[in-house]
Amino acid sequence: MLDPKFVLENLGSVEDRLAARGQRVSLEEFARLSRERKDVLKEAEDLRAVRNKASEEISRLKREGADASALIAEMRRVGDEIGALEDRLKGFDERLEATLLSIPNIPHETVPAGRGSEDNKEVRRWGSRPAFDFPPRAHWDVGAKLGVLDFDRAAKIAGSRFAVYFGAGAALERALIGFMIDIHARERGFTEVLPPFIANAESLTGTGNLPKFKEDLFKLEGFDWYLIPTAEVPLTNLYRNEMLDGASLPNRFVAWTPCFRSEAGSYGKDVRGLVRQHQFNKVEMMVFSRPESSFDELEHMTASAEEVLKRLGLHHRVVLLCTGDMGFASAKTYDLEVWMPGRDGFMEISSCSNCVDFQARRANIRFKREAKGKPEFVHTLNGSGLAVGRTVGAILENFQQADGSVVVPEALRPYMNGLERISAA
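Residues numbered from 1 in each chain as written. Predicted model: local features only at pLDDT ≥ 70, side-chain atom pairs only at ≥ 80, totals over all residues. Heavy atoms only, no water.

Participant: Go over the environment of threonine 380, please, and point to the residues and values.
Facilitator: Mapping threonine 380 onto the fold places it in strand E16 (residues 379–387). Spatially, the C-alpha atom of threonine 380 lies 9.6 Å from that of serine 330, the residues being 50 residues apart in sequence. With residues up to four places along the chain from it excluded, the contact list for threonine 380 reads Met286, Val287, Phe288, Ser353, Asn354, Cys355, Val356 and Gln359. (Helix = DSSP H or I, 4+ residues; strand = E, 2+ residues; numbered from the N terminus. Contact = heavy atoms within 4.5 Å.)

Participant: Provide a residue-level description of the packing of aromatic side chains, including the pertinent values.
Facilitator: Per the counting criterion, the structure on display carries 10 aromatic pairs. Ring geometry for phenylalanine 328 against phenylalanine 358: centres 5.7 Å apart, planes inclined by 75°, an arrangement best described as edge-to-face. Within this pair, whereas phenylalanine 328 is found in the loop between strand E11 (316–320) and strand E12 (332–340), its partner phenylalanine 358 is found in helix H11 (residues 358–363), the two being separated by 30 residues in sequence. No difference in accessibility class separates phenylalanine 328 from phenylalanine 358, as the two residues are buried. The rings of Phe213, Phe328 and Phe358 are connected pair by pair, giving a single aromatic cluster. Taking the ring centre of tryptophan 339 as reference, the NZ or CZ of arginine 129 above it sits at 4.0 Å. Between the NZ or CZ atom of lysine 219 and the centre of the ring of tyrosine 226, over which it lies, the distance is 5.6 Å. (Phe/Tyr/Trp six-rings, centres within 6.5 Å; stacked < 30°, edge-to-face > 60°. Buried < 20%, exposed > 50% of the residue type's maximum accessible area, 1.4 Å probe, protein only. Lys NZ or Arg CZ within 6 Å of the ring centre and 35° of its normal.)

Participant: Which residues make up unusual backbone geometry, and what are the values?
Facilitator: In this structure, the amide linkage connecting leucine 210 to the following residue, proline 211, adopts the cis form with an omega of 5°. Counting through the fold element by element, proline 211 comes out in the loop between helix H8 (201–207) and strand E6 (218–219). With a phi angle near 70°, arginine 161 is a residue other than glycine that sits in the positive phi range. Take arginine 161: its relative accessible area is 9%, and that puts it in the buried class. In the Ramachandran plot, asparagine 417 falls in the positive-phi region, its phi being about 55° despite a non-glycine side chain.

Participant: Any chance you could break down the pattern of salt bridges for me, citing the residues and the numbers?
Facilitator: The final tally for this structure, using the stated rule, is 28 salt bridges. A salt bridge links arginine 186 to aspartate 182; the nearest nitrogen and oxygen atoms lie 3.5 Å apart. With arginine 186 and aspartate 182 both in helix H7 (residues 168–187) and 4 residues apart, this pair spans about one turn of that helix. Linking glutamate 337 and arginine 317 is a salt bridge whose minimum nitrogen-to-oxygen distance equals 2.7 Å. Here arginine 317 lies in strand E11 and glutamate 337 lies in strand E12, a separation of 20 residues in the sequence. Owing to a relative accessible area of 13%, glutamate 337 belongs among the buried residues under this scheme. Bridged by salt links that share partners, the residues Glu29, Arg32, Glu36 and Arg95 form one connected network. (Salt bridge = Lys/Arg side-chain N within 4 Å of Asp/Glu carboxyl O.)

Participant: Outline the sheet that holds E6, supporting the account with residue identities and numerical values.
Facilitator: Taken together, the 3 strands give an open sheet; going across it, the order is E5-E7-E6, and neighbouring strands pair in antiparallel fashion. Looking along the sheet, the strands with just one partner apiece sit at the ends: strand E5 (198–200) and E6. With 2 bridges joining them, E6 and strand E7 (residues 225–227) adopt antiparallel strand pairing. Within E7, the residue paired with lysine 219 across the bridge is tyrosine 226. (Pairing = 2+ DSSP bridges.)

The structure is reproduced here in structure tokens:
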């Protein structure tokens, strides 16, 4: 959520910067409501002052044994007026908050302007494309021929956009989770967390998933609970409504969770294989940072996700997203895209974002630099480290052999009991 004071003081600038995201937002109604609220607040405060002064007079009259009934009756009427004004203020606050909750974050000044993915800026590449002396197959064909992936049986169990893993496929998924967690937790300064896989509406509002993206969530019938779309939700809300010690920041966390998404609006796009599933595993990084160091933390987080791809030997690139391609809560985002021979192109496998104080305002997460210091909002960052199913797909495609087998990346073999190659049974 944007700072309402900043919005009011910079209406034109905020509208222009949101327009760069492709969001044509008029803040005229927000400004009008804010002005009306200010007038009503002044009227309420003036009446409270009158009531306070009258209370002193009533106390004096009672001490002197004088009749205070007329003044008491008048103050009852004033109290009713104050109550009505407070109800109006509550209504203003709800409408103003609803407006702010629907507005995306403002892009950071270093984010390139653009409308979509074609305007993103490539920052760097690592490695090279694998060479094949045969036409490389897509991972869903590789996995099916090896008997380690089965989408048809998954559809029988749950429907489309689910997968069943068998044998070495299931072991590969499990191995990747441990491998990723170990890199982030043992080497990159993140603390491992195992959070709930279900979150309440307040938690999802704090991260920006509600109310705007309700259609992309799976809600549990009869409960105020949702299946989490990413571990970002429970990790962000670890500190909801808390005051942190600034000396302890940054706080870095990493978690594996299953993720659940309806993928509303994505039909016809990347619907095959392990790319846009309704249920998938992901290792997620989360950072709570002081404002002045949050963009350094973004670079550290991105490098941490990159390290996983480097250890696996997967050719990839880092892309800085333009204003029109960023997520709702992000002020700056890097995407990591891995090379997929089956599609002869790159595919997003991680997205690392600095949300600055946008989520912290929604979730009321603050810190103090010193014990008697002024409270400030933390900056929150999140990033995939990595999407596990997509990494499985990348391994199956990049390390496939002419005989249909798949070579296991050397760094992953200790996590698979030394297995060097996945072959058909």
